[in-house]
Amino acid sequence: MAIATDWRAAATLTGITDEAALAGLCAALLPSATVVSARERALLAAISSQPVATTAIDRTISAIQQGTDPLGECLLALRPAAQRRADGAVYTPATILAPMIAWLRTQGKPVRVVDPGAGSGRFILAAGAAFDNAQLIAVETDPLAALVLRTNLHLRGMTTRSQVLVDDYRRIKLPKIAGMTAFVGNPPYVRHHHIGARWKRWYTRNFKTLGIHASAMAGLHLHFFLKTALLASANDVGTFVTSAEWLDVNYGAALRKLLTQHLGVVGLHVLAPAVEGFSGTATTTAISCFRGAAPQTSVRVRAVNSLTELAALDSGAVVLPAQLDAATRWSSVIYPVQARDSDTVPLGELFRVLRGQVTGANRVWVFGDDRPSLPDSVLIPTITRAQDLIRVADRLESTASLRRVVDLAPDLDCYVGDEREQIDAYLTWARRHRADQGYIARHRRAWWSVGLREPAPILCTYMARRAPQFTLNVGEARHINVAHGLYPRQPMSERQLAAIVEWLNRNVEVGSGRTYAWGLIKFEPKEVQQLRIPAHLASG
Ligand SMILES: C[S@@+](CC[C@H](N)C(=O)[O-])C[C@H]1O[C@@H](n2cnc3c(N)ncnc32)[C@H](O)[C@@H]1O
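All values reported here derive from a predicted model rather than from experimental measurement.

K.L.:
Before we go on, may I ask you to explain helix H10 (residues 220–231) in this structure?
P.N.:
An α-helical segment advances 3.6 residues per turn. Residues three or four places apart therefore align on the same side. End to end, H10 covers 17 Å across twelve residues, agreeing with the expected 16 Å (1.5 Å per residue, within 8%). All buried positions along H10 are accounted for by Leu220, His221, Leu222, His223, Phe224, Phe225, Leu226, Lys227, Thr228, Ala229 and Leu231. Turning to H10, the residues buried within the fold contact strand S1 (112–116), strand S4 (181–185), helix H9 (197–209), strand S5 (237–243), helix H11 (253–261) and strand S7 (285–291).

K.L.:
Sorry if this is basic, but what is going on with the domain arrangement of the protein here?
P.N.:
The parts lose accessible area when they come together, and the size of an interface is often stated as this lost area. The domain boundaries assigned to the protein delineate domain 1 (82–108 + 180–334) and domain 2 (344–538). The gap between the C-alpha centroids of domain 1 and domain 2 is 31 Å.

K.L.:
Can you help me understand the site of the ligand in this one?
P.N.:
Gly88, Thr92, Gly117, Glu140 and Tyr169 are the nearest of the 23 residues found near the ligand. In this structure, Ala118 approaches the ligand through a main-chain N or O atom, which is 3.3 Å from a nitrogen atom. Coverage of the ligand by the protein amounts to 97% of the 590 Å² it exposes when considered alone. For the shell around the ligand, the secondary-structure elements that each account for two or more residues are helix H7 (122–130) and H10. Residues of the shell around the ligand, tallied by class, amount to nine nonpolar, six polar and eight charged.

K.L.:
Could you clarify how one ought to interpret the state of the cysteines in this entry?
P.N.:
A covalent bond between the sulfur atoms of two cysteines is what we call a disulfide. In this structure the tally under the stated criterion is zero disulfides. Considering cysteine sulfurs only, Cys26 is the nearest to Cys74, which forms no disulfide, with 8.7 Å between them. The buried category is assigned to Cys74, whose relative accessible area is 5%.

K.L.:
Sorry, what's going on with the nonpolar core here?
P.N.:
Generally speaking, soluble globular proteins have nonpolar side chains that are buried together. In this structure, Tyr203, Leu247 and Leu259 are the most contacted members of the largest nonpolar core, which totals 50 residues. Of all the elements in the fold, those that place two or more residues in this core are strand S2 (135–139), H9, H10, H11, strand S6 (265–271), S7 and strand S8 (299–304). At seven residues, H10 tops the list of elements feeding residues into this core. In contact with Tyr203, other than residues within four places in its own chain, are Ala214, Ser215, Ala218, Leu222, His223, Leu226 and Ala254. One finds Ala138, Val166, Val184 and Phe278 within the second-largest nonpolar core, a separate group that totals 39 residues.

K.L.:
Just checking my understanding: could you explain H11 for this structure?
P.N.:
For H11, the complete set of buried residues consists of Ala254, Leu255, Arg256, Leu258, Leu259 and Thr260. Residues of H11 that are buried make contact with H9, H10, S6, S7 and helix H12 (321–326).

K.L.:
Help me out: how do you make sense of the pairing of strand S12 (residues 379–383) in this one?
P.N.:
When a strand is regular, its side chains alternate between the sheet's two faces. Among the five residues in S12, four count as buried, and that is most of the element. Both S12 and strand S16 (residues 478–479) contribute to a ladder of two bridges, which runs parallel. Residue Thr382 lies in a different strand from S16, and its bridge partner there is Arg478.

K.L.:
Sorry if this is basic, but what is going on with the packing of helix H1 (residues 19–29) against helix H3 (residues 54–65) here?
P.N.:
Geometrically, a packed helix pair is captured by the angle between its two axes and the distance between the axes. Taken N-terminus to C-terminus, the directions of H1 and H3 make an angle of 75°; their axes are 11 Å apart at the nearest point. Relative to H3, the element H1 lies roughly perpendicular. Of the residues in H3, those touching H1 at Leu25, Ala28 and Leu29 are Ile57, Thr60 and Ile61. For the contact of H1 with H3, a count of residues per class yields five nonpolar, one polar and no charged.

K.L.:
What am I meant to see in the pairing of S8 here?
P.N.:
Across the six residues of S8, five count as buried, placing the element largely inside the fold. Here S6 runs beside S8; their pairing, made up of five bridges, is parallel. Bridging from a neighbouring strand, Val270 pairs with Ala303 of S8.

K.L.:
I would appreciate a short explanation of unusual backbone geometry in the present structure.
P.N.:
Of all residues except glycine, most have a negative phi; of all peptide bonds, most are trans. Despite not being glycine, Ala393 shows a phi value in the positive range, around 60°. The backbone of Arg434 shows a phi angle near 60°, a positive value even though the residue is not glycine. Mapped onto the elements, Arg434 comes out in the loop between helix H17 (417–432) and helix H18 (439–443).

K.L.:
Just to check I follow, could you spell out the pattern of salt bridges for this structure?
P.N.:
Note that side chains of opposite charge can pair when their charged atoms are close. As enumerated under the stated definition, the model contains 18 salt bridges in all. Across the salt bridge formed by Arg79 and Asp142, the nearest N and O atoms sit 2.6 Å from each other. Highlighted residues: Arg79 in the loop between helix H4 (70–78) and helix H5 (81–87) and Asp142 in the loop between S2 and helix H8 (143–155), separated in sequence by 63 residues. Its relative accessible area of 8% is what places Arg79 among the buried residues. What you see here is one network of salt bridges that share partners, running through Glu19, Arg79 and Asp142.

K.L.:
Teacher, can you tell me more about the sheet that holds S12 here?
P.N.:
The strands making up a sheet are joined through hydrogen bonds of the backbone, oriented either antiparallel or parallel. Judged by pairing direction, the sheet is mixed, and its three strands sit side by side in the order S13-S12-S16 without closing on themselves. Of all strands in the sheet, those bounded by a partner on one side alone are strand S13 (404–406) and S16. In the sheet, S12 pairs with S13 via three bridges, with the strands oriented antiparallel. Paired with Leu379 across the two strands is Val406, which belongs to S13.

Rules used throughout
- Residues numbered from 1 in each chain as written.
- Predicted model: local features only at pLDDT ≥ 70, side-chain atom pairs only at ≥ 80, totals over all residues.
- Heavy atoms only, no water.
- Helix = DSSP H or I, 4+ residues; strand = E, 2+ residues; numbered from the N terminus.
- Expected span 1.5 Å × (residues − 1).
- Buried < 20%, exposed > 50% of the residue type's maximum accessible area, 1.4 Å probe, protein only.
- Contact = heavy atoms within 4.5 Å.
- Domains from an automatic or database assignment.
- Near = heavy atom within 4 Å.
- Polar contact = N/O pair within 3.5 Å; in protein donor to acceptor, adjacent residues only side chain to side chain.
- Areas by Shrake-Rupley, 256 points an atom, 1.4 Å probe, with all protein chains shown as cover.
- Nonpolar A, V, L, I, M, F, W, Y, C, P; charged D, E, K, R; others polar.
- Disulfide = S-S within 2.5 Å.
- Core = buried A, V, L, I, M, F, W, Y, C linked by side-chain atoms within 4.5 Å.
- Pairing = 2+ DSSP bridges.
- Axes fitted to C-alpha atoms, helices over the stretch in contact; angles between N-to-C directions.
- Parallel < 35°, antiparallel > 145°, perpendicular 65-115°, else oblique.
- Salt bridge = Lys/Arg side-chain N within 4 Å of Asp/Glu carboxyl O.

This is how it looks when you write it as structure tokens:
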């Protein structure tokens, strides 16, 4: 069966308005003898005894049998965004999934397919259709997703050869088998702040056994790669889609080594920042293909400029694993280096570029009218959204329309009288909202002290998929981590700063087309410092 191209069209079929009703529909679609996990059983025990309408059942069966995912779409629509984010639950569109399955087909016939973080089962179902006799193993922690997945497997006739493990992928064991196992999927993107200390230790310890030093700042998707390397043997293949930030950031170094030295990376395909792989998410997308659990002789790397180009996952420029090993950032290997004009200087020679402060809890530290009042002296007009800069473009004259950030000194004894009373009342409110509990709050000098930097003369945005906005900060706004600040190393006149801003806005673009010294995946301050500007702008 062809992979459906529009999962969404079918979403309206079920008319289901809450999660219990969705579980009820799954129960109505599954044979009564279906064996489920204890956590799925608990969900089924809570469903209403109201019979599900026959029309809903018939339409859902027909949509699933045509290859769409009405139950998965329904689950996503019912789940609050915050919970989906915490679970890393973003389901994969067919435009990305189909090329990955097509690539697997070119790699031989797996006897077993493993889909870690299977969600509603899009990958395992597509793999089941591609490989008639393969044993199918789907691993998923969310019991409702697991029920949906079981229902999909049942209606697509794959139950007898499949196993749904409602468990943490890092905990599973796989029996050794003769023949190839294929790993395929979209590992959950959950940032390290939400990963417990025990799993962080698991991560660094297991990397150590492979001879690789790993930073515990890695997100859950990197844990999935590690687990896959621990499970995979020399015959195995795999392809994962993830966000692309690990190609460049420090904590990605361990995964980069894992891919070249242990997972046998053969392909890396990175969607150009302007291409939206997953609608509504702000990240850049990378697809990694690996085979053989051992170093390969060459790797295909490619910047992909449109979703239709993605199809050919065996194409790309050929590089040696040693070239990847030698690169500190892989985006520099994937994006061709631009010829450098000798009459230019790196921005870093003129400016220090500093990321804005992380507040740790914008809902508490970005002030709003619904909060206990505070003295104006601690409410600092601040750039809190990229839009604040995009709206004013080249020049920020006034801070009047900006939101204000609560910026308290670490030593509260410097506040006295009414001022101190207001601040104490605010902190009691902040504590009630757990602002003292977060990772950032616990790791800074005083949990209440955001510590905004001095106003930067130039500010810039660094969102994926659009050119950065550089803005002359005449109004002296502060900035949080939605922007970077450019601080001149030597005094500069406003005229000189304005000329630099104007030039940067005209010449710096994202993407691999007319990229000028950019084309990077993650616009870290370091990358901004490497931008080159005409030398005459440096001399004022
Ligand atoms: C990015 S979604 C991908 C879903 C599906 N594979 C797809 O591509 O449509 C990741 C899934 O992993 C699940 N998940 C999160 N943490 C997990 C863990 N530790 N072990 C197994 N699954 C997990 C989430 O519930 C979510 O369904």
